[in-house]
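Residues per chain, in single letters:
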Amino acid sequence: MVNELLINLVNSVLGSGKRTARGNQAHSCPYCNHHKPKLEINFSQNKKGYNPWHCWVCDKKGTRISTLFKKVKASTEKFDELYKLIGNEQEYTQNPTDKKILRLPKEIKYFSDITMSDIEGRRALSYLKNRGITKEDIIKYNLGYCTSGRYQNMIIIPSYDEKGHLNYFTGRSFEDKPYIKYRNPETSRNIIPFELFINWNLPLVLCEGPFDAIAIKRNAIPLLGKNLQQNLLMKIVKSTVEKIYIALDSDARKQALKFAEKFMDEGKEVYLVELEGKDPSEMGFNYFTNLIQKTLPLSQYDLMEKKLQLI
Ligand SMILES: [Zn+2]
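If you're wondering where the values come from, they're calculated on a predicted model, not measured in any experiment.

## Details of a nonpolar patch on the surface
Logical step 1: A surface patch of nonpolar side chains, about 510 Å² in accessible area, is lined by Tyr301, Met304, Leu308 and Ile311.
Logical step 2: Within the secondary structure, Tyr301 sits in helix H10 (residues 300–309).

## Looking at the nonpolar core
A general trend in soluble globular proteins is that nonpolar side chains are found buried together.
Logical step 1: Ranked by size, the top nonpolar core spans 29 residues in total, and within it Leu128, Leu143, Ile155 and Phe288 carry the most contacts.
Logical step 2: Secondary structure elements with two or more residues in this core: helix H4 (119–130), strand E10 (154–160), strand E13 (204–207), helix H6 (210–216), strand E15 (243–247) and helix H9 (280–294).
Logical step 3: Counting the residues that make up this core, at least three belong to each of domain 2 (104–187) and domain 3 (190–311).
Logical step 4: Contact partners of Phe288, with chain neighbours within four places excluded, come to Val205, Ile216, Ala247, Val273, Leu275, Pro280 and Met283.
Logical step 5: Ranked by size, the runner-up nonpolar core spans 27 residues in total, among them Ile198, Ile246, Ala256 and Leu257.

## Considering the domain arrangement of the protein chain
Logical step 1: On domain assignment, one finds that the protein chain holds domain 1 (4–101), domain 2 (104–187) and domain 3 (190–311).
Logical step 2: The straight-line distance from the C-alpha centre of domain 2 to that of domain 3 is 25 Å.
Logical step 3: In this assembly, 20 residues from domain 2 lie in contact with 15 residues from domain 3.
Logical step 4: Of the roughly 1600 Å² buried where domain 2 meets domain 3, counting both sides, 67% is carbon and sulfur surface.
Logical step 5: Inspection of the domain 2/domain 3 interface yields 1 salt bridge.
Logical step 6: Between Lys217 and Asp137 there is a salt bridge, with the nearest N and O atoms lying 3.9 Å from each other.
Logical step 7: Looking at which element gives the most residues to the side of domain 2 that touches domain 3, the answer is E10, with 5 residues.

## Thoughts on the pattern of salt bridges
Logical step 1: Considering all chains together, one arrives at 11 salt bridges under this definition.
Logical step 2: Taking the shortest distance from any N to any O, the salt bridge between Arg19 and Glu4 comes out at 3.0 Å. Here Arg19, found in strand E1 (residues 18–19), pairs with Glu4, found in helix H1 (residues 4–14); they are 15 residues apart in sequence, far enough to count as distant.
Logical step 3: Among the ionic pairs, Asp251 bridges to Lys226, the shortest N-O distance being 3.5 Å. Of the two residues, Asp251 is situated in the loop between E15 and helix H8 (253–265) and Lys226 in the loop between strand E14 (220–222) and helix H7 (230–238); the sequence distance between them amounts to 25 residues.
Logical step 4: For Lys226, a relative accessible area of 27% corresponds to the partly exposed category.
Logical step 5: One salt-bridge network, in which partners are shared between bridges, spans Glu208, Lys226, Asp249 and Asp251.

## Considering the environment of Ile191
Logical step 1: Relative to the helices and strands, Ile191 is located in the loop between strand E12 (182–183) and E13.
Logical step 2: Once residues within four sequence positions are removed from consideration, Ile191 is found in contact with Ser159, Asn167, Tyr168, Leu224 and Leu232.

## Comments concerning H4
Logical step 1: Over its 12 residues, H4 runs 16 Å from end to end, which matches the ideal 16 Å to within 8%, given 1.5 Å per residue.
Logical step 2: Those residues of H4 lying buried are Gly121, Ala124, Tyr127 and Leu128. Looking down the long axis of H4, one finds its buried residues gathered within 115° of arc, a one-sided arrangement. Residues Ile119, Lys129 and Asn130 are exposed on H4 and point more than 90 degrees away from its buried face.
Logical step 3: Next to the buried residues of H4 lie helix H5 (135–140), strand E9 (144–146), E10, strand E11 (166–173) and H6.
Logical step 4: In the segment just after H4, Gly132 is the residue with positive phi, at about 80°.

## Things to note about the sheet that holds strand E5 (residues 61–62)
Logical step 1: Judged by pairing direction, the sheet is antiparallel, and its 5 strands sit side by side in the order E1-E2-E3-E4-E5 without closing on themselves. Each having just a single partner strand, E1 and E5 make up the two edges of the open sheet.
Logical step 2: Pairing analysis gives 4 bridges linking strand E2 (residues 24–27) to strand E3 (residues 39–42), with the strands arranged antiparallel. Looking at E3, one finds that Gln25 is bridged to Ile41.
Logical step 3: In the packing of H1 onto the sheet, contacts are made with E1, E2 and E3, and the angle to E2 comes to roughly 5°.

## Remarks on the pairing of E3
Logical step 1: Inspection of the sheet shows E3 paired to strand E4 (residues 53–55) by 3 bridges, in the antiparallel sense. Across the sheet, the residue bridging to Ile41 is Trp53, located in E4.

## Some remarks on the coordination of the zinc ion
Logical step 1: For the zinc ion, every protein donor is listed as Cys29 (SG), Cys32 (SG), Cys55 (SG) and Cys58 (SG), and the spread of their distances is 2.3 Å.
Logical step 2: Metal-centred angles of 103 to 114° between the 4 donor atoms at the zinc ion mark the site as tetrahedral.
Logical step 3: Of the residues examined, Cys29 reaches a relative accessible area of 1% and is grouped as buried.

What counts as what
- Residues numbered from 1 in each chain as written.
- Predicted model: local features only at pLDDT ≥ 70, side-chain atom pairs only at ≥ 80, totals over all residues.
- Heavy atoms only, no water.
- Patch = residues over 30% accessible without salt bridge, like charges linked within 9 Å, V, L, I, M, F, W, Y side chains within 5 Å.
- Areas by Shrake-Rupley, 256 points an atom, 1.4 Å probe, with all protein chains shown as cover.
- Salt bridge = Lys/Arg side-chain N within 4 Å of Asp/Glu carboxyl O.
- Helix = DSSP H or I, 4+ residues; strand = E, 2+ residues; numbered from the N terminus.
- Core = buried A, V, L, I, M, F, W, Y, C linked by side-chain atoms within 4.5 Å.
- Buried < 20%, exposed > 50% of the residue type's maximum accessible area, 1.4 Å probe, protein only.
- Domains from an automatic or database assignment.
- Contact = heavy atoms within 4.5 Å.
- Buried area = accessible area lost by both parts, 1.4 Å probe.
- Expected span 1.5 Å × (residues − 1).
- Arc of directions from axis to C-beta.
- Pairing = 2+ DSSP bridges.
- Axes fitted to C-alpha atoms, helices over the stretch in contact; angles between N-to-C directions.
- Donors = N, O, S within 2.8 Å, 3.2 Å for Na, K, Ca; no water.
- Tetrahedral: all angles 85-135°; square planar, octahedral: opposite > 155°, others 65-115°.

Okay, here's the thing in structure tokens:
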């Protein structure tokens, strides 16, 4: 399987290459600078996620594209893109500016590369279909899946910051009766989930899981749990967002009221969406949109009343 995104990226860093046999591509060699494209890179991913390369003139060889990127002093952005596409040995890797960056699991596969014989991949795809995730969603959110490694049989849902850099990801099992439903990287959750897709001038929806946010479609931030992390809280408070919809499970009512109070104190208009025991991802976009339109802003009196109900 040849990763076209990876080929495009390498072309943009090393200059356009020429396709040769078996998913290989020939580039000009940054080591000997021979005038003909004599550096051959293997783009068909092998089990270890390596892309072996070899120059037929100077005999320089390696297994990783990152080595070539270092040789030509590729920009941080190019390295980030590379790690997003193929990963590296560890979740964290030092990039040339010595800044720690998060990367997607190295075993990640993309639905665009799926084949008829990829049974696990097809199961992953049907899981997404059953959850109402469309092809457009898959592309928009850059969803992938793993069939091996730490995130085996999980959908990978990346989260990107406003600049498009990966800031978190979630693994969600696509098995019928999973032993572990969710698995997260060992990194801070104190980020702005799905920040790339947020318009801070429009009403915001706070929900629990990434699939909820995808189902809501517009301006939704998953809390990745029931708590509101400090960075997200500050970002919302400081933003010009006026209306905030809180769509959390009824078992998170106490937290929801706490956030509501905080936002109201900051002059925001808060809407508490009554989910009636269903997740937004279960009810779907249309139903949820109707629910949101029916919801009235929370008054100080409502807030007090709802707090009293919890006692
Ligand atoms: Zn060479």
